[in-house]
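Here are the chains, one letter per residue:
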Amino acid sequence: MGRTVLVVDDYARFRAQARVLLASAGFDVVGEAEDAITALAAARNLRPQIVLLDIQLPDGNGFEVARALLEEHDPPVVVLISSRDASDYGTQLERSGVHGFISKADLSARTLSALL
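This report concerns the structure included in the present document. (Residues numbered from 1 in each chain as written. Predicted model: local features only at pLDDT ≥ 70, side-chain atom pairs only at ≥ 80, totals over all residues. Heavy atoms only, no water.)

**Here's the deal with the overall build of the chain**
Looking only at helices and strands, the chain features five helices and seven strands. In sequence order, the chain lays out its α and β elements as β-α-β-α-β-β-β-α-β-α-β-α. A compact globule built from 116 residues should have a C-alpha radius of gyration of about 13 Å, and the chain, at 13 Å, falls within 12% of that. Its C-alpha atoms give the chain principal-axis dimensions of roughly 35 × 30 × 25 Å. Split by element, the accessible area of the chain, about 6000 Å² in all, is 49% carbon and sulfur. (Helix = DSSP H or I, 4+ residues; strand = E, 2+ residues; numbered from the N terminus. Rg over C-alpha atoms; globule rule 2.2 N^0.38 Å. Areas by Shrake-Rupley, 256 points an atom, 1.4 Å probe, with all protein chains shown as cover.)

What follows is the structure, given as structure tokens:
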């Protein structure tokens, strides 16, 4: 079994694509969430090793969710994703405490593995 992943994004199509892409490379996608509240609940219930977390969510943002997840006992590795470039977020990414950032256009099992 590969590393467990929770995919958080408000677009079902992107979540489905990420699931297929990651699963085909040996990651075990244990769940999906479409918003901040669902993401926090899913992460607490499923205990994934990795949370692939969109920054723009309908009820909050990935930075807030990441902060909450990283305060948990034995937190997951959090990787932020966005359709925007990293430079659009300035120093927020560096200050967020997450493991890294991947542009949605660059998401692949290879880029995620390299980041981990």
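**Things to note about helix H1 (residues 12-23)**
Taking 1.5 Å as the rise per residue, H1 with twelve residues should run 16 Å; its terminal C-alpha atoms sit 16 Å apart, in good agreement. Considered for burial, the residues of H1 that qualify are Phe14, Arg15, Ala18 and Leu22. Buried residues of H1, seen end-on, are gathered within an arc of 100° and therefore sit on one face of the element. Of the exposed residues in H1, the ones pointing more than 90 degrees away from its buried face are Arg13 and Val20. Against strand E1 (4-8), strand E2 (28-33), strand E3 (50-54), strand E6 (77-82) and helix H5 (109-115) lie the buried residues of H1. (Expected span 1.5 Å × (residues − 1). Buried < 20%, exposed > 50% of the residue type's maximum accessible area, 1.4 Å probe, protein only. Arc of directions from axis to C-beta. Contact = heavy atoms within 4.5 Å.)

**Describing the sheet that holds E3**
Strand pairs in the sheet, formed through backbone hydrogen bonds, run parallel or antiparallel to each other. Reading across from one edge, E2-E1-E3-E6-E7 is the order of the five strands in this open sheet, with parallel pairing throughout. Bordering the open sheet on either side are E2 and strand E7 (100-103), each of which pairs with just one other strand. Here the average twist between neighbouring strands, direction ignored, is 25°. In this structure, E6 lies alongside E7, joined through four bridges in parallel fashion. Considered in E7, the bridge of Ser82 is made with Ser103. In the packing of H1 onto the sheet, contacts are made with E1, E2, E3 and E6, and the angle to E2 comes to roughly 170°. Strands in contact with helix H2 (residues 36-46) are E1 and E2; relative to E1, the strand with the most contacts, it is inclined by about 170°. (Pairing = 2+ DSSP bridges. Axes fitted to C-alpha atoms, helices over the stretch in contact; angles between N-to-C directions.)

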